[in-house]
Amino acid sequence: MRQKLALILVVSIVGSVLIGALGSAFATVQSMQTTTAVDSLEKALGKTATPVPVPTATTPTPTPSISSSAAGSASVPAGVAEFAAMLASLLTDDSPSSHTGYTRDLFKAWIDADSDGCDTRAEVLLIETLVKATTRNTCTVSTGSWISVYDGVSVTDASKLDIDHFVPLAEAWVSGAYSWPNDKKVRFGNDLGYAPSLVAVTASSNRSKSDSDPAKWMPTNRSYYCDYAATWVAVKWRWSLTVDTLERRAVQAVLTGCASVNVPVPAKAG
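These remarks concern the structure in this document. (Residues numbered from 1 in each chain as written. Predicted model: local features only at pLDDT ≥ 70, side-chain atom pairs only at ≥ 80, totals over all residues. Heavy atoms only, no water.)

### Re the pairing of strand β2 (residues 140-148)
Filter applied, for reference: Pairing between strands is defined by DSSP: at least two bridges between them are needed. For the purposes of this entry, the term helix denotes a DSSP run of H or I that reaches at least four residues, the term strand denotes a run of E that reaches at least two, and both are numbered from the N terminus.
As paired elements, strand β1 (residues 134-136) and β2 share 3 bridges and run antiparallel to each other. Looking at the pairing, Thr134 lines up with Thr143 of β2. Between the end of β1 and the start of β2, which pair antiparallel, lie 3 residues, with Asn137 showing a positive phi angle near 55°. The pairing of β2 with strand β3 (residues 153-157) spans 4 bridges and is antiparallel. Among the inter-strand pairings, Thr143 is bridged to a residue of β3, identified as Asp157. From the end of β2 to the start of β3, which pair antiparallel, there are 4 residues, and Gly152 there has a positive phi angle of about 75°.

### A closer look at the packing of helix α8 (residues 225-238) against helix α9 (residues 245-256)
Quick note on the threshold: Convention adopted: a line fitted to C-alpha atoms gives each axis, helices being fitted over their contacting stretch, and angles between N-to-C directions are expressed from 0 to 180 degrees. To sort the angles, those under 35 degrees are grouped as roughly parallel, those over 145 as roughly antiparallel, those from 65 to 115 as roughly perpendicular, and the leftovers as oblique. Crossings are assigned a handedness: left-handed for a near helix turned anticlockwise from the far helix by less than a right angle, right-handed for a clockwise turn. In this description, contact between two residues means that some pair of their heavy atoms is separated by no more than 4.5 Å. Gly is placed with the polar residues, together with every amino acid not listed as nonpolar (Ala, Val, Leu, Ile, Met, Phe, Trp, Tyr, Cys and Pro) or charged (Asp, Glu, Lys and Arg).
Their axes nearest at 9 Å, the elements α8 and α9 cross at an angle of 135°. Viewed along their axes, α8 and α9 adopt a mutual orientation that is oblique. Handedness of the crossing formed by α8 with α9: left-handed. Residue-level inspection shows Tyr225, Cys226, Ala229, Ala230, Trp232, Val233 and Lys236 of α8 in contact with α9, the latter providing Glu247, Val251, Val254 and Leu255. Residues belonging to the contact of α8 with α9 are distributed by class as follows: 9 nonpolar, no polar and 2 charged.

Structural data, given as structure tokens:
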């Protein structure tokens, strides 16, 4: 009996070691794949991200300004410099996977924040349609005219659109939202205070993006690259979220090659 127990213990220990080793190897492969993706992005753009001084969790976050060292170091045009400065001010967290416990329901997408009968999804569709939308029931949007910026597709049937959290909820969680009080999570999940935070896009493009950051996914619509990178920075800065090193490098590579962006400067969220 003792021999059997000893054998079981040995097998259990060996199994745990193997599982740990496999997990570490998988994480390493994922990291290598992401690094390769960023290398490919830089090569495709013909740009390499210019390193800039970045804060860490132990250094204060500077207030973004066009005159900041980040703007000058990145050698970006004045119209892009503010977003480069915002990016430089974001804290770095290279252990996002350590922030476990993500549950989408905590963000309560979608709610009717102003009690007008239209939930957040409907509000975004009504804001972004290029023509007057048709609705059924209280506030279910049926038709209108939208351009899905991720892939450049024109859509008239609202049911074919997803409302995308520009910074995905799972990404927000590992970038800082894990420590937020629940009411702040709900505000992020239904942020109508900054229009680019939520965007109507084709379901296929939204699901292709999934929870990816710019180091792992960029839109097929390359003409949107500059605005995509600037908006990513804007939303993260608005909510004081972190970035990881590869994510920062990918966004820098895009912004370095931009002559201008058509993205409003955000206000800080409470």
